[in-house]
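A look at the structure
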Amino acid sequence: MDKGDDVIQSKKIVVLGATGTIGKMALDVLKKLKNFKVVGISAHKNVKLLLKKKIEFPDAFTALTGDRVEGVDFCGEDAIEALMEKTLPDQVIVGIAGFAGLKYALTSAKYSKRLCLANKESIVAGGNFFLKNVRDSNCEIIPVDSEHNAIFQLIEVEKSPINSIFLTASGGAVRDVPVERLKDVTPEMVLKHPIWNMGARITVDSATMFNKGLEVMEAHFLFGFPSDKIIVVLHPQGKVHGMIKLNDGTVKMLASKADMRLPIAYAIHYPKRIKAFEGFMPFGEFTFEMPDLSRYPALRLAYECLKEGDGARIVYNAADEIAVEAFLKKEIHFTHIYKIVERVLKNGWPKILDDYESIEAVDVAARRLAKEMVRRCC
Ligand SMILES: NC(=O)c1ccc[n+]([C@@H]2O[C@H](COP(=O)([O-])OP(=O)(O)OC[C@H]3O[C@@H](n4cnc5c(N)ncnc54)[C@H](OP(=O)(O)O)[C@@H]3O)[C@@H](O)[C@H]2O)c1
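Near the ligand, the surroundings consist of 25 residues, among which Thr19, His44, Lys45, Asn46 and Glu121 are the closest. A distance of 2.7 Å is found between an oxygen atom of the ligand and a side-chain nitrogen or oxygen belonging to threonine 19. Here the ligand, which alone exposes 900 Å², has 84% of that area covered by the protein. Of all elements in the fold, only helix H1 (21–31) and helix H4 (100–111) reach the threshold of two or more residues within the shell around the ligand. Across the shell around the ligand, the residue classes tally to 11 nonpolar, 10 polar and 4 charged.

This paragraph deals with the domain arrangement of the chain. Domain assignment breaks the chain into domain 1 (11–143), domain 2 (145–258 + 276–291) and domain 3 (309–378). Put simply, the middle of domain 1 and the middle of domain 2, counted by C-alpha atoms, are 25 Å apart. Each partner contributes to the interface: domain 1 provides 18 residues, whereas domain 2 provides 19 residues. Overall, the association of domain 1 and domain 2 removes approximately 1500 Å² of surface from exposure, summing both partners, and the carbon and sulfur fraction of that is 71%. Counting the surface domain 1 buries against domain 2, the share from its top three residues, Lys120, Val124 and Pro143, is 44%. Counting the contacts that link domain 1 with domain 2 gives 3 salt bridges. The closest approach of N and O atoms between lysine 120 and aspartate 145, which form a salt bridge, is 3.1 Å. Seen at the junction of domain 1 and domain 2, the total is 6 residue pairs in polar contact (both at pLDDT 80 or more). Element by element, the count of residues in the side of domain 1 that touches domain 2 is highest for helix H5 (residues 121–136), at 6 residues.

Further remarks concern a nonpolar patch on the surface. Taken together, Val251, Met253 and Phe288 make up a surface patch of nonpolar side chains, about 240 Å² in accessible area. The class of methionine 253 is partly exposed, set by a relative accessible area of 40%.

To continue, consider the nonpolar core. Judged by nonpolar contacts, the single largest core of 132 residues is most densely connected at Leu30, Leu115, Phe130, Tyr316 and Val344. Per element, the largest residue contribution to this core is 11 residues, and it comes from helix H12 (residues 310–328). Excluding residues that lie within four positions of it along the chain, leucine 115 makes contacts with Val92, Val94, Ala105, Ser108, Ala109, Phe130, Val134, Cys139, Glu140, Ile141 and Ile142.

For H4, the buried fraction is high: 9 of the 12 residues fall into the buried class. The complete set of buried residues in H4 reads Gly101, Leu102, Tyr104, Ala105, Leu106, Thr107, Ser108, Ala109 and Tyr111. Lining the buried residues of H4 we find strand S1 (11–16), helix H3 (79–87), strand S5 (91–94), strand S6 (114–117), H5 and helix H14 (356–377).

As a further point, take the packing of helix H9 (residues 210–223) against H12. Contact pair H9 / H12: the axes reach a minimum separation of 11 Å and the direction vectors enclose 150°. Judged by the angle between their axes, H9 and H12 are roughly antiparallel. Both H9 and H12 take part in a crossing whose hand is left-handed. Contacts between H9 and H12 involve Phe210, Gly213, Leu214, Met217 and Phe221 on the former and, on the latter, Arg313, Tyr316, Asn317 and Asp320. Class assignment for the residues of the contact of H9 with H12 results in 5 nonpolar, 2 polar and 2 charged.

Reading guide: rules and limits
Residues numbered from 1 in each chain as written. Predicted model: local features only at pLDDT ≥ 70, side-chain atom pairs only at ≥ 80, totals over all residues. Heavy atoms only, no water. Near = heavy atom within 4 Å. Polar contact = N/O pair within 3.5 Å; in protein donor to acceptor, adjacent residues only side chain to side chain. Areas by Shrake-Rupley, 256 points an atom, 1.4 Å probe, with all protein chains shown as cover. Helix = DSSP H or I, 4+ residues; strand = E, 2+ residues; numbered from the N terminus. Nonpolar A, V, L, I, M, F, W, Y, C, P; charged D, E, K, R; others polar. Domains from an automatic or database assignment. Contact = heavy atoms within 4.5 Å. Buried area = accessible area lost by both parts, 1.4 Å probe. Salt bridge = Lys/Arg side-chain N within 4 Å of Asp/Glu carboxyl O. Patch = residues over 30% accessible without salt bridge, like charges linked within 9 Å, V, L, I, M, F, W, Y side chains within 5 Å. Buried < 20%, exposed > 50% of the residue type's maximum accessible area, 1.4 Å probe, protein only. Core = buried A, V, L, I, M, F, W, Y, C linked by side-chain atoms within 4.5 Å. Axes fitted to C-alpha atoms, helices over the stretch in contact; angles between N-to-C directions. Parallel < 35°, antiparallel > 145°, perpendicular 65-115°, else oblique. Left-handed = near helix turned anticlockwise from the far one by under 90°.

As C-alpha cells, then:
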C-alpha cells in the first residue's frame, strides 16, 4: 500500500461525515482553498445531500456507509475502506458522529498521513488501542475539536513545563434554568445552543456536560495529562477555547471567534497557519468560573470513568448516545440522561480492552442495557 507522494502540490483530502455540521464546514473551508483537492466524501444515510456535495466537488468519489444506493460510488460497511483504497488521501477529516467514527478513523489511518480528527468518540472509546494503531500506521492526529485544537496550538510552541490544562465550557442552552426545573426542559430548549451551531447529540451533550466529560477523556489521551491536571472552567462567552498553566502559575490562553472553520483550517494546514477566515473577535467580557457539579453531574462521572479504565469510558459514551436519542424523541426527561448512564456504568465493565472486537462488544452491551433503562423510564 502506498500512502501517496510527499512532493505533490495539491493535497488530496477526504471528508468523512460530509453531510454533518463539521463535514459541511470542512467543505466550506476547502471550497476556498486552491492547494487541496477533495477526492472523497462520505455520509451514512443522507444520499440527497451527499450527491449535492458531489456536484460542488466533482473530483470526489462518494461513499455511503448505509444501504446501497444507485449513483453512489461505494456503499455499505466497507465503503470507507474502498474509498481510501481508491483515493489514497494525504489527509482525512473525520467528521463522523459517534462510536462509528472509531472504525472509520482506524481505516483512514491505514491509508493516510494525517487525521484531522473531530470525532472525539474514537479517542474516548479506543483509548490507547486507537492511538497505538494510528501511530503504527505512521499517521498523525491533529485535533479539530476546538478546545483540543487550542491546547494543541498552545502546547506545541511552549518551551516551559506545563502544569495543567484548562478546557472551557459554555454551559449549554439551559445553563440558567434552575437545577430543580431541569427535569422539565424540552429538546427544543436544549437544542438552542447559545454559541455553537452543532449536531443534535453534541448540543444536548453540551447542556448536560457529557460533551465536556468526553473532552476531558479526549484530552487525557491526546496530551497525556493525568485527570487531576485537566480542569474544566465555565466560560459562557465562548471566546477562549483552551488554556495552559505553567509552573510559575502563568496562564496562557487561546482566544478566537467561535467558528469551527478556524480549527479545521488550522488542522489541515498545520504546521503553517493561513488566513482563510477572520478569527479575531472584539474583547468585551471574559468570565471564568468552576462548574456547579450538582447541575453537571456528568462531569464528575467522567473523571470517575477515567479512573475505572477502558470499559467505563466506552459505556459513558454509548449509554449517553442512547439516552440522548431517547430524550430527543421525548421518551425520557432531560435529567434521565445522567441517571441512565450512571446506572449502566454500575453494571461493572472490563478495565483493559486492547482489540477492536472487545471494544465493540462493550459498546453493544452498554447500548442494549441503556435501551432497557429507557424502556423502564418511559
Ligand atoms: N459540530 C461541532 O461543532 C463539533 C465540534 C467539535 C467536535 N465535534 C465532533 O465531530 C463529530 C461530528 O459532529 P457533528 O456535530 O458534525 O455531527 P452531525 O451533524 O450529526 O453529523 C454526523 C455525520 O456523521 C455521519 N454519520 C452518522 N452516523 C454514522 C455512522 N454510523 N457511520 C458513518 N457515518 C455516520 C452523518 O451522515 P448522515 O448525514 O448521512 O446521517 C453525518 O455526515 C462528533 O464526534 C462531534 O462530537 C463536533
